[in-house]
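# Geometric and topological summary
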Amino acid sequence: AKAAGGGRWTWFDPIMDQIADHDAQLAADLRQAINRDELFLLYQPIVELPHGRLAGVEALVRWRHPEHGLVSPAEFIPLAERNGYIVELGRWVLEQAVHQASRWERGLGADAPAKISVNVSARQLGEPGFPSEVAALLSAAGLDPARLTIEVTETAVLSTGVALDAVRALAALGLTIALDDFGTGQSSLSLLVDCPVSWLKVDKSFVDGVTLDSPQAVIVDSLIGITEGLRMQAVAEGVETAEQAERLHRAGYRFAQGYHFARPMTDTDVELQIAAQFDR
Ligand code: C2E
Ligand code: CA
Ligand code: CA
Ligand code: CA
């Protein structure tokens, strides 16, 4: 505690001070991370049920900090969103992912992952030139827009009118739009009416309860009716057990993602997985 003027005591926790310092330092380090080659992407398979054949991959960014080692995106993405650096970081991620997808297409042909998903934050969607930037990137890399999926959260799409327009423009370019973490944000079913969404990624918090007699299981089941009726695809996130996978398949889920099938992996490991799948 520090003494404030007038003899009152205000609580100024030294631990809180340290956390603020740590965040400020981490934010400063993050600004250097691209130039210092500390960022890289892992790819987590999205598979088809029940057999687990590769349907696509989701690009997930990683940061190898020179002192702290691997820092979780759950820590540095929110930091980058707060200070606006997410725009530059997100541009880097998108570039890497698009180049990787076109390398796979050239190297693997028909065996290449059909789709690559990239997470895009509210700030990126709110940048006025974002859709044309994506279009330019795709045409420079010679990648079919149908191969790129943009993952957005309900909260991001609903954040500004610009964001909603951006999603519409990206869909018009032929990209696939996925609503990420579905059910956890400021959900509004009207978003499914106003916005050209083709994938619904059902959040892990619902999938966790799917094998139990739980409200989550009821929601997981009823989302299939919505996605089928609206000609969307449902993807179950965070599937960790065979029981969950089996239960989801019975409920009508065609796509899933989670540690039960595969963890996020390097581009080389994706290639090895594909080679094993096609038995070559
Ligand atoms: P997300 O988009 O919901 O990604 C899924 C997260 O769940 C990933 O965590 C993934 O590793 C993890 N996961 C997948 N399957 C399982 C499972 O079976 N069990 C458990 N416990 N976890 C599973 P990760 O890679 O740590 O990323 C965390 C979040 O950071 C992502 O959540 C996403 O919101 C954000 N993020 C990651 N990369 C990027 C990026 O390039 N740009 C933006 N804007 N956000 C990103
Ligand atoms: Ca995601
Ligand atoms: Ca998610
Ligand atoms: Ca999540």
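The structure this text deals with has already been given above.
What you see is a predicted model, and the numbers here were worked out from it, not measured in a lab.

## A short note on the packing of aromatic side chains
All chains considered together, the criterion is met by three aromatic pairs. Centroid distance Trp63 to Phe76: 5.5 Å. Interplanar angle 85°. Geometry classified as edge-to-face. Placement of the pair is Trp63 in strand β4 (residues 53-65) and Phe76 in helix α2 (residues 73-83), with a sequence separation of 13 residues. The two residues Trp63 and Phe76 agree in class, both being buried. Pairing Trp199 with Phe255 gives two aromatic rings, centres 6.1 Å apart and planes at 15°, and the pair type is stacked. On the criterion of sequence distance, the pair formed by Trp199 in strand β9 (residues 199-202) and Phe255 in strand β11 (residues 255-256) is long-range, its members being 56 residues apart. The same class applies to Trp199 as to Phe255, namely buried. Over the ring of Tyr259 we find Arg263; its NZ or CZ atom is 3.8 Å from the centre of that ring.

## With respect to the site of ligand 1
In the vicinity of ligand 1, 21 residues are found, and the nearest of them are Gln44, Arg62, Asp180, Glu240 and Tyr259. Contact between ligand 1 and Glu58: an oxygen atom at 3.2 Å from a side-chain N or O atom of the residue. Contact distances for ligand 1 include 3.1 Å between an oxygen atom and a side-chain N or O atom of Asp180. Element by element, the count of residues in the shell around ligand 1 is highest for β4, at four residues. The residue makeup of the shell around ligand 1, split by class, is nine nonpolar, five polar and seven charged.

## Description of the pairing of strand β3 (residues 39-48)
In terms of residue burial, β3 counts as a mostly covered element, since eight of its ten residues are buried. Sheet topology note: the β3/β4 ladder contains ten bridges and is antiparallel. When the sheet's bridge partners are listed, Pro45 is paired in β4 with Val57. Here β3 hands over to β4 after four residues, with Gly52 in that stretch at a positive phi of 90°.

## Looking at the pattern of salt bridges
Overall, the coordinates contain eleven salt bridges when judged by the stated rule. Taking the shortest distance from any N to any O, the salt bridge between Arg254 and Glu48 comes out at 3.6 Å. Of this pair, Arg254 sits in the loop between α11 (242-251) and β11 while Glu48 sits in strand β3; the two residues are 206 residues apart in sequence, bridging distant segments of the chain. Classification of Arg254 as partly exposed rests on a relative accessible area of 42%. Among the residues examined, Glu48 registers a relative accessible area of 21% and is labelled partly exposed. Lys204 is the salt-bridge partner of Asp208, the closest N and O atoms lying 2.9 Å from each other. The class of Asp208 is partly exposed, set by a relative accessible area of 36%. Salt bridges sharing partners connect three or more residues here, namely Glu58, Glu151 and Lys201.

Rules used throughout
Residues numbered from 1 in each chain as written. Chains lettered and ligands numbered in written order. Predicted model: local features only at pLDDT ≥ 70, side-chain atom pairs only at ≥ 80, totals over all residues. Heavy atoms only, no water. Phe/Tyr/Trp six-rings, centres within 6.5 Å; stacked < 30°, edge-to-face > 60°. Helix = DSSP H or I, 4+ residues; strand = E, 2+ residues; numbered from the N terminus. Buried < 20%, exposed > 50% of the residue type's maximum accessible area, 1.4 Å probe, protein only. Lys NZ or Arg CZ within 6 Å of the ring centre and 35° of its normal. Near = heavy atom within 4 Å. Polar contact = N/O pair within 3.5 Å; in protein donor to acceptor, adjacent residues only side chain to side chain. Nonpolar A, V, L, I, M, F, W, Y, C, P; charged D, E, K, R; others polar. Pairing = 2+ DSSP bridges. Salt bridge = Lys/Arg side-chain N within 4 Å of Asp/Glu carboxyl O.

These values are about where atoms sit, not about what they do.
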